[in-house]
Amino acid sequence: MTQEKPPRIFAADQQARWVSNHAGIWSLQGADLDSVPTLSILTTLWDQPRWLEAYHLYDKRGSELFEQICDLPEYYLTRTENAILERHAGEIIANAPVQCIAELGAGYSKKTVHLLSHQVRRRGNCIFAPIDVSRSALLASQRAVQKDFPQIEFHGVHSRYEDGFSAIDRDLPTLFVFLGSSIGNFNHTDFPRFFQALSAAMGPHDFLLLGADRVKAVKMLEDAYNDNRGVTAEFILNVFGSINRLLQSNFERDKMRYHSWLNPEWQQIEMYAVSREPQQIYFPTAETSFQWQKDERILVEISRKFDPIRLQEQLGFFGLLPVKHFTDPNEWFSVLLFKKQA
Ligand code: AVJ
C-alpha cells in the first residue's frame, strides 16, 4: 500500500474508506469485487423465464468480443454516438461548467477524449475520474490519459457505479458521463433505482451526460443485434464460459444457439440462449442442477430503446432537468445533458 492521501474528489466523510495500492487508483477498503456471486446467479437461473445479469458478459473474451461488435457495420450505435460527441463536445463542455468529469464504466474510449480535450482547452485543468469494476480498464485509461493529457489529474475509482458516484464530493462541480446506451441494460427495477441513487449523490453544481439509443425501425434494430458474422451470438453465448468458470457448471457451447428479437411492447432487444436438446446443467459447488429443456430460452441480455423526449420527462421526476439534446442527422441516437435540480 502506498500511503497516498485520498484526493479531494471524495467527500470528507468518505476519505477514510478509500485506499490506493497503485498511484491514482482507488478502491473501497475491504471491498471484494471478485467474490463469486453464486447465489445471485442461481436465483436468476431459477427464475421464470431463466435469466442472467448482463455484467457477467464482460470477462476478458467478452470484452474483446464487445470491442469487435462496436466495429460491426450493423452496429451503428458506437460510431453514431462518437460522431455526436465529436461534433458537440465543445457545446456540451460550455454548458456544463465543471471541474471534474466522472465517467461510469468504459474507462477511456475515444468518445470521452472529445470531452476531455474541450474541457482542457476551455478551463485549462480538469480531474478525470472513471468509475469501473475492471481494474485493468482503469489502468489502461490511466496510461492513455497521462500520455495524451498530462495536465489532467487522474483518479480511477475501482468500484461498482453506486459506491463510486456516492463517494464523490457533492461540492466539486462534476459532469457524470454515462455513454454507449448502457442504460439500455437496466430492467424496469434497475432503472429507477439507478437514477434515484445517482441523483441523490449529485450536488447542486453537477451535470449528467447520457447516451441513449432510440426507438426506430424494427429491422435496423434487429440487425444490429444479429450480425452477419455471428459476433453478437458469440458474445452472448460466451457468458456461459464465464458462468462455467465461476460455478464449475457444464454449459456447452455446441448444445445451444443464439436468438434475439425486438419485443415491441417493451421496446427492447432481447438476447437469448436457446437449448438445442434436453440437457442437465450441474452446479457442483451448490450441489444442485436443472433440466434445460429443448427450445427453452435463457434471457442473457436486454437492450432497451428510448424516446429521448420521454426520457427527459422521466428523469425530471428524479430531479434531473434537461439542458440540451444532441442527436445525429438520422436521429438514431441521442446524447442528453441534464443538470441536477438545485
Ligand atoms: C453495451 C449494453 C450498450 O445493448 O447495445 C451489444 C451491449 N449486446 N450487442 C447494447 C450489446 C449485444 C450494448 N451495451
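1. A look at the nonpolar core
In terms of nonpolar packing, the biggest core is built from 65 residues, with Ile 101, Leu 115, Leu 175, Leu 209, Phe 240 and Phe 251 touching the most fellow members. With six residues, helix α3 (residues 77-95) is the single largest residue contributor to this core. Those residues in contact with Leu 175 that lie beyond four places of it in its chain are Ile 93, Ala 96, Val 98, Cys 100, Ile 101, Ala 102, Phe 207, Leu 208, Leu 209 and Leu 337. One finds Ile 9, Ala 167, Phe 176 and Phe 306 within the second-largest nonpolar core, a separate group that totals 37 residues.

2. Notes on the sheet that holds strand β17 (residues 333-340)
Sheet architecture is open: seven strands sit in the order β7-β5-β4-β9-β10-β17-β16, paired in mixed fashion. This sheet does not close on itself; its edge strands, each paired only once, are β7 (152-154) and β16 (320-327). Going from strand to strand, the sheet's axes swing by 20° on average, the running direction of each strand aside. The strands touched by helix α5 (residues 135-148) are β5 (126-128) and β7; relative to β7, the strand with the most contacts, the crossing angle is about 160°. Contacting β10 (207-213), β16 and β17, helix α11 (residues 308-316) crosses the sheet at an angle of about 160° to β16.

3. Some words on the packing of helix α1 (residues 38-45) against helix α10 (residues 239-247)
Where α1 contacts α10, the axes come no closer than 11 Å and their chain directions differ by 130°. Our classification of the angle between α1 and α10 gives oblique. Helix-helix and strand crossings are classified by hand; for α1 and α10 the assignment is left-handed. Counting all contacts with α1, which are made through Thr 38, Ile 41 and Leu 42, the residues of α10 involved are Ile 243, Leu 246 and Leu 247. Its residues assigned to classes, the contact of α1 with α10 comprises five nonpolar, one polar and no charged.

About the criteria used
- Residues numbered from 1 in each chain as written.
- Predicted model: local features only at pLDDT ≥ 70, side-chain atom pairs only at ≥ 80, totals over all residues.
- Heavy atoms only, no water.
- Core = buried A, V, L, I, M, F, W, Y, C linked by side-chain atoms within 4.5 Å.
- Buried < 20%, exposed > 50% of the residue type's maximum accessible area, 1.4 Å probe, protein only.
- Helix = DSSP H or I, 4+ residues; strand = E, 2+ residues; numbered from the N terminus.
- Contact = heavy atoms within 4.5 Å.
- Pairing = 2+ DSSP bridges.
- Axes fitted to C-alpha atoms, helices over the stretch in contact; angles between N-to-C directions.
- Parallel < 35°, antiparallel > 145°, perpendicular 65-115°, else oblique.
- Left-handed = near helix turned anticlockwise from the far one by under 90°.
- Nonpolar A, V, L, I, M, F, W, Y, C, P; charged D, E, K, R; others polar.

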